[in-house]
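Report on the structure
Each chain, written out:
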Amino acid sequence: MADRADIIRIEGLNKWFGQFHVLRDINLTVGAGEKIVICGPSGSGKSTLIRCINQLETHQVGTITIEGKEIHAEMKNIEALRAQVGMVFQNFNLYPHLSVLDNLTLAQVWVHRVPRREAEDRARHYLERVHIPDQAEKFPGQLSGGQQQRVAIARALCTKPQIMLFDEPTSALDPEMIKEVLDVMIELAEEGMTMVCVTHEMGFARKVANRVVFMDDGRIVEEAGPEEFFLDPQTDRGRMFLSQVLDH
Amino acid sequence: MTVTIDRGSTTAPASGLTVLGWIHRNLFPDWRQGLLTVAVIWALWQTLPGLIGWLFLDAVWRGDRDDCVAASGACWAFVNARWGQFIYGFYPPELRWRVNLSMLALVATIAVLFIPRLPHKGWVITGSFIALPVVSFVLLHGGILGLEVVQTDRWGGFMLTLVVAVAGMLGALPIGILMALGRRSNMPAIRVFCVTFIELFRAVPLITVLFMASVMLPLFMPQGFAMDKLLRALIGVALFNGALMAEVVRGGLQSIPRGQFEAATASGMGYWKMMLFIILPQALRTVIPGLVNTYVAIIKDTTLVLIIGLFDLLGIVQAGVSSSDWLAPSVTISGYVFAGFGFWLLCFGLSRYSMHLEDRLNAGRRR
């Protein structure tokens, strides 16, 4: 079972918000370089699941192992662990009081102890990779939603994470900006980054995902390759979800 | 005087607006506004000449009490004669250069705030605000570096007002920030302590705090342990205003969206780094008006130290106007007007600075 290349192992994960059982018996492994797309109706627990991976949410039962190290709420070096995992949020969550460049260098300088000059070089490098090299001096409020989300991706990449988590990265975007963000994510996938994405972008899932995980009511209901899942879902709930997502 | 009311291209430029046209447009656009204009002009006509006459034309600038009694205007001669005392209190005249030097240090520290571009500005400002009280204490109190000791009971006047105000401000902000953070802490012991502290100090008048610090505290302190009266007052002022400030800061903290905390946490920052770099800079700038409100209150509340026998600007003016060689109604009024002007100057300067600060910070994040 214990595959050396597994970078994330989740076993028997359960989580409650008060009395509400939000995650039930989740088992999931992610190999290095794998791209996982998690989808499912809203309230199915998919965001909570990826937020458990970097412990933005703490779980009560079960284990999460990242690169062989078990993580939990009381651990000492939780910050060091989080530093290996990059996260992109639905609402970008850029720091509005800092310039784009400072958004990108802050964690490098103060968490990873990268010298400022090197941090800035790295920041500009990643801004170039997300195709907005000339916005470094601006403030987040001066950018479009698509640009902000690409800055957020660059910010997460700056600290050279092993794993990238995407929590509905395109849900808050206008339609014409979704593509520019997805393009950046596809490029990132092609470079071999390990990615766990909560998204309803089925085109993206088809293109890059190794596996699609379908969740409903806190459980993983189906787990399959994208073609298998999209063409031949094995459960009624999977079929129903797909018909709602794909039919318009 | 040229008048341009060109606000973008949506309105036609008001070219060739004459003085009469301007008056018509701004002062008499319709009969109700016109009536108001007339009323205001009439009120000014009634009050201004008397005020100017009292303040300047009929005022006595040099002389003694008898000159003031004879004149119908203000008695600035009194302020002139007591100027040294009003500014320096009972500080030995030959050592007043030390007070001047420390005021200069204060001005220099404030000037740093206005330098638009300065490498590591945040650290320089923090450093100078930490250095300021140390330097000022050494200068004012002496006792080291070969400086003669001047006990705090000789401090007074405007200088004492500044000491209490600046110490209150510098002390209250960090206390307020820590208490606000503590009140939102997950750790029950810290939270309970902070809530108790804030609610206790907020619920009593400053006079009570000062009185406690001055009269009660020495009774509780161990034998032979004496703490300077001024220092006790300063601590009281800082704690009291720290509690007020804590609630202002807490309001700012609550306005920060959860996503900011999550983004900082996800990037590997611990609690203090997250607060220092992400949360507090945003929280504090949203509550600048509230912070300045508290700061203005601190400046004005310095007058309360009179209650524990310290003579601030107002206290020393009050002592002056009741001294036998200057007893006269116009002297009393002039003294209080002078003291009021001193406080107004400080508070107005502060509020102007806060406006400048808000402008500058908002320029950075146009939306």
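The structure displayed is predicted, hence computed values, not measured ones. (Residues numbered from 1 in each chain as written. Chains lettered and ligands numbered in written order. Predicted model: local features only at pLDDT ≥ 70, side-chain atom pairs only at ≥ 80, totals over all residues. Heavy atoms only, no water.)

Some words on the overall build of chain B
Looking only at helices and strands, chain B has 15 helices and zero strands in total. Relative to its 367 residues, chain B shows a buried fraction of 42%. Across chain B, contacts joining residues at least 24 apart in sequence account for 65% of those joining residues at least 6 apart. Carbon and sulfur atoms provide 69% of the accessible area of chain B, an area that totals close to 20500 Å². Distance from the positive charge centre (27 side chains) to the negative charge centre (18 side chains) of chain B: 14 Å. (Helix = DSSP H or I, 4+ residues; strand = E, 2+ residues; numbered from the N terminus. Buried < 20%, exposed > 50% of the residue type's maximum accessible area, 1.4 Å probe, protein only. Contact = heavy atoms within 4.5 Å. Areas by Shrake-Rupley, 256 points an atom, 1.4 Å probe, with all protein chains shown as cover. Lys, Arg positive; Asp, Glu negative; His and termini not counted. Charge placed at Lys NZ, Arg CZ, Asp CG, Glu CD.)

Concerning the domain arrangement of chain B
Here chain B is partitioned into domain 1 (19–57) and domain 2 (70–91 + 150–361). Distance from the C-alpha centre of domain 1 of chain B to the C-alpha centre of domain 2 of chain B: 39 Å. (Domains from an automatic or database assignment.)

Brief notes about the sheet that holds strand β6 (residues 85–88) of chain A
All names here are of chain A. Across the sheet, six strands lie side by side as β6-β7-β8-β3-β9-β10; this open sheet has mixed pairing. Edge positions in the sheet fall to β6 and β10 (219–224), since each has one partner strand and no second. Each neighbouring strand pair of the sheet contributes to a mean axis angle of 20 degrees, computed without reference to strand direction. Here four bridges tie β6 to strand β7 (residues 163–167), and the two strands are oriented parallel to one another. (Pairing = 2+ DSSP bridges. Axes fitted to C-alpha atoms, helices over the stretch in contact; angles between N-to-C directions.)

Considerations on the packing of helix α4 (residues 76–88) of chain B against helix α7 (residues 157–183) of chain B
If you want to describe how two helices pack, look at the angle between their axes and the distance between the axes. Residue and element names in this part refer to chain B. It is the contact of α4 with α7, at a shortest axis distance of 2 Å, that shows an interaxial angle of 20 degrees. Taken together, the axes of α4 and α7 are roughly parallel relative to one another. In this structure, α4 contributes Gln85, Phe86, Ile87 and Tyr88 to the contact, and α7 contributes Gly157, Phe158 and Met159. Looking at side-chain class alone, the contact of α4 with α7 contains five nonpolar, two polar and no charged residues. (Parallel < 35°, antiparallel > 145°, perpendicular 65-115°, else oblique. Nonpolar A, V, L, I, M, F, W, Y, C, P; charged D, E, K, R; others polar.)

Quick notes on the environment of Phe92 of chain A
Residue and element names in this part refer to chain A. You can see Phe92 is positioned in the loop between β6 and α3 (100–110). Each C-alpha atom, one on Phe92 and one on Gln147, is 9.9 Å from the other, the two residues being 55 residues apart in sequence. The contacts of Phe92, once residues within four sequence positions are left out, are Gly145, Gln148, Gln149, Ala152, Arg155 and Leu173.

Some thoughts on the packing of α4 of chain B against helix α5 (residues 96–114) of chain B
Residue and element names in this part refer to chain B. Packing of α4 against α5 brings their axes to within 11 Å, and their N-to-C directions diverge by 60 degrees. For the element pair α4 / α5, the angle class is oblique. Two packed elements cross with a definite hand, and for α4 against α5 that hand is left-handed. Touching Gly84, Gln85, Ile87 and Tyr88 of α4 are Arg96, Val99, Asn100 and Met103, all from α5. In terms of residue class, the contact of α4 with α5 is built from four nonpolar, three polar and one charged. (Left-handed = near helix turned anticlockwise from the far one by under 90°.)

Digging into the side chain of Glu222 of chain A
All names here are of chain A. Mapped onto the elements of the fold, Glu222 is located in strand β10. For the buried residue Glu222, which engages in no salt bridge, the nearest side chain bearing the opposite charge is Arg239, 6.4 Å off. Polar contacts involving the side chain of Glu222 include one to the main-chain amide nitrogen of Gln234, which spans 3.0 Å. Within the structure, Glu222 has its side chain in polar contact with the side chain of Thr235 (distance 2.7 Å). (Salt bridge = Lys/Arg side-chain N within 4 Å of Asp/Glu carboxyl O. Polar contact = N/O pair within 3.5 Å; in protein donor to acceptor, adjacent residues only side chain to side chain.)

Here we look at the pairing of strand β3 (residues 35–39) of chain A
Note on strand geometry: in a regular strand, side chains alternate between the two faces of the sheet. Residues and elements named next belong to chain A. Taken across its five residues, β3 has five buried, putting it largely inside the fold. Burial of the side chains of β3 extends over both faces: Lys35, Val37 and Cys39 are buried on one face and Ile36 and Ile38 on the other. As defined by bridge partners, β3 adjoins strand β8 (residues 194–198) across four bridges and the pair is classed as parallel. When the sheet's bridge partners are listed, Val37 is paired in β8 with Cys197. With four bridges connecting them, β3 and strand β9 (residues 211–216) associate as parallel partners. Following the sheet pairing, Ile38 is matched in β9 by Val213.

Description of the state of the cysteines
Scanning all chains against the criterion turns up one disulfide over all chains. A disulfide bridge connects Cys68 of chain B with Cys75 of chain B, and the sulfur atoms are separated by 1.9 Å. The sign of the S-S torsion, about 70 degrees, decides the handedness of the disulfide formed by Cys68 of chain B and Cys75 of chain B: right-handed. Accessibility assignment for this pair places Cys68 of chain B and Cys75 of chain B in one class, buried. Lacking any disulfide linkage, Cys158 of chain A is separated from the closest cysteine sulfur, that of Cys197 of chain A, by 19 Å. Looking at Cys158 of chain A, the relative accessible area reads 0%, which means it is buried. (Disulfide = S-S within 2.5 Å.)

Quick word on helix α6 (residues 175–190) of chain A
Residues and elements named next belong to chain A. Spanning 16 residues, α6 covers 23 Å between terminal C-alpha atoms, matching the ideal 22 Å at 1.5 Å per step. The complete set of buried residues in α6 reads Met177, Ile178, Val181, Leu182, Val184, Met185, Ile186, Leu188 and Ala189. Structurally, α6 contributes buried residues whose contacts are with β3, α4 (116–129), α5 (145–158), β7, β8 and α7 (202–208). Just past α6, the residue Gly192 takes up positive phi, approximately 95 degrees. (Expected span 1.5 Å × (residues − 1).)

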